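Descriptive analysis of the structure
In case you want the letters, here they are:
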Amino acid sequence: GAMAAEQRGAGWEAVVRGGLRVLRERWARGSAPAALPVPADSAGGESALQALPIDVQLNIMSFLSPQDLCRLGSTSCYWRAAVQDPLLWRYFLLRDLPSWTSVDWKSLPDEEIFKKSFSEVSDNALYDYMAVYKRSCPQGRRSLKSSRPRYGAVTSFLQSLVTQTEPRFAMFGPGLEQLDISLVQKMMTCPEILLVAGLPHRQIHGIGSGVSFQFNNDQKFNIVTLYSTTSVERRKAREEQAVTVNKMFYQENGTVGDQQAMHYSVIAQVRNVCEVVDGFIYVANAETHREHDRQEELARILAMTDPALGPLNRPLLILSCVSHIGVRRIPCVYMAHQLQLNLLHQPWMMQDTVAETLDGLLKGIRWILEEANCKSAQ
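Here is a short report on the structure shown in this document.

About the criteria used
Per chain, residue numbering runs from 1 following the sequence as it is written. Thresholds applied to this predicted model are a pLDDT of at least 70 for local features of residues and 80 or more for the giving and counting of side-chain atom pairs; totals over whole chains, interfaces and linings are not thresholded and use all residues. In computing side-chain properties, one takes all heavy atoms of the structure into account and sets aside hydrogens as well as water. Geometry is summarised by axes, namely lines fitted to C-alpha atoms with helices restricted to the contacting stretch, and by angles between N-to-C directions that run from 0 to 180 degrees. Elements are defined by DSSP. Helices are runs of H or I of four residues or more, strands are runs of E of two residues or more, and each kind is numbered from the N terminus. Angle categories: roughly parallel below 35 degrees, roughly antiparallel above 145, roughly perpendicular from 65 to 115, and oblique for all the rest. Any two residues whose heavy atoms approach within 4.5 Å at even a single point are treated as in contact. The residue classification treats Ala, Val, Leu, Ile, Met, Phe, Trp, Tyr, Cys and Pro as nonpolar and Asp, Glu, Lys and Arg as charged. All others, Gly included, are polar. Nonpolar cores were defined as sets of buried Ala, Val, Leu, Ile, Met, Phe, Trp, Tyr and Cys residues, with membership established by side-chain atoms within 4.5 Å. Exposure categories follow from relative accessible area, calculated using a 1.4 Å probe and restricted to protein chains: below 20% of the type maximum is buried, above 50% is exposed, and the middle band is partly exposed. Strand pairing follows a simple DSSP-based rule, namely that at least 2 bridges must link the two strands. Stacked, tilted and edge-to-face are the three classes applied to pairs of Phe, Tyr and Trp rings, where Trp contributes its six-membered ring and a pair requires centres within 6.5 Å; stacked means planes under 30 degrees apart, edge-to-face means over 60, and tilted covers the rest. Look at NZ for Lys and CZ for Arg. If either is within 6 Å of the ring centre and within 35 degrees of the ring normal, a charge sits over the ring.

Looking now at the packing of helix α5 (residues 86-96) against helix α7 (residues 129-136). Where α5 meets α7, the closest approach of the two axes is 8 Å, and the angle between their N-to-C directions is 30°. As the angle between them shows, α5 and α7 are arranged roughly parallel. Counting all contacts with α5, which are made through Pro86, Trp89, Arg90, Phe92, Leu93 and Asp96, the residues of α7 involved are Tyr129, Met130, Val132 and Tyr133. Broken down by class, the residue content of the contact of α5 with α7 amounts to eight nonpolar, no polar and two charged.

Right, here's the structure in full:
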């Protein structure tokens, strides 16, 4: 639970602190810049920076941003080779990863990359950490996305010929009920961020309701919010500090290999919703001081997105949510690994979100609308 998350966080920090020491030792042995080519454009001798001892060069580079490091690499063939050192980029990856606010199915770094300490990583078994960093960091994903060709005008014209229906998404998860501030209530009362375009209408008796929203004063979409219990039961449970039984699912026995596995199915009313929605929004509780059963959460996500209930490629947005800005959260990439999102087969994206301010919400909504529109176009 929370204690395990704290221990993991402390472990990552220890790895990062030891990173520079190991990098300096490795470079001091001459395993990196000593073998680098002498730049052809240095007829007048080495530059002042290049003339410094190797460990000083490394120390300076470790304080640069990855963007500045890439710019340094464009100045000469010596620095182009120097800035591509795998262990240097592994240091950047472990240092910066906890601060990233989003990750998706294409950019989640392999968990194996982080399991070994710096001292256990040999020159013969190095990943291309520079490529992993560029692919995984939010800035890199945005630049890759912006480089794709745009067909906005054509798409707009074609859409004008077709009667458009509102994309529908099923929203569920412990973050809807466990946080001190209601994410759904905030969404319905902050028109400057998200405009309510249609009054709530009952979808599932006692469990959920649907609300139409308008994104960027343009596209409308519908969210069917599914709760584990009724509002009366949730209020009573909070007053009595009791644990409620999730009425959306029922558990079935299952096996994976020789081991017993947790397996859920959804009740008939929820099944009816899952069969008609265009995607799913899972609200995860990312607060470190809460208890979490991520295996159970994964089992419920798999039950909702079961291919037997609809197309396999329907997008899943995971809002990694906390109540307030000051609440300590589990970093986004760690959350993705805890939930084992790499086991999912459909497109997914995890976005850090704050219920009090709705920070991060619009980025997630934009992603799932784009994915849903792409699927409908196909």
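On we go.
Moving on: unusual backbone geometry. One non-glycine residue, Gln340, adopts positive backbone phi at about 55°. Look at Leu358: it is not a glycine, yet its phi comes out positive at around 65°.

For the rest of this paragraph, the subject is the nonpolar core. Formed by 63 residues in total, the largest nonpolar core has its most connected members in Met304, Ile318, Trp348 and Met350. When residues no more than four places from it in sequence are discounted, the contact partners of Met304 are Ala170, Phe172, Leu226, Met248, Phe249, Val266, Val270, Cys274, Phe280 and Leu309. Among the nonpolar cores identified, the runner-up in size contains 30 residues, and Met171, Met187, Tyr227 and Leu361 belong to it.

On a regular strand, each side chain points to the face opposite its neighbour's, so the side chains alternate between the two faces of the sheet. Summarising burial for strand β5 (residues 219-226): six of the eight residues are buried, a large majority. With four bridges joining them, strand β2 (residues 168-172) and β5 adopt parallel strand pairing. Within the sheet, the bridge partner assigned to Ala170 lies in β5 and is Val224.

Our next topic: the packing of aromatic side chains. What the rule picks out here adds up to nine aromatic pairs. Ring geometry for Tyr78 against Trp79: centres 4.9 Å apart, planes inclined by 90°, an arrangement best described as edge-to-face. Take Tyr78 and Trp79: they sit in the same class, and that class is buried. Considering the side-chain rings of Phe172 and Tyr282, the 5.1 Å spacing of their centres and the 70° angle between planes classify their relative orientation as edge-to-face. Highlighted residues: Phe172 in strand β2 and Tyr282 in strand β8 (residues 279-285), separated in sequence by 110 residues. For the pair shown, Phe172 and Tyr282 are each scored as buried. The side chain of Arg300 reaches across the aromatic face of Tyr264, ending 4.9 Å from its centre.

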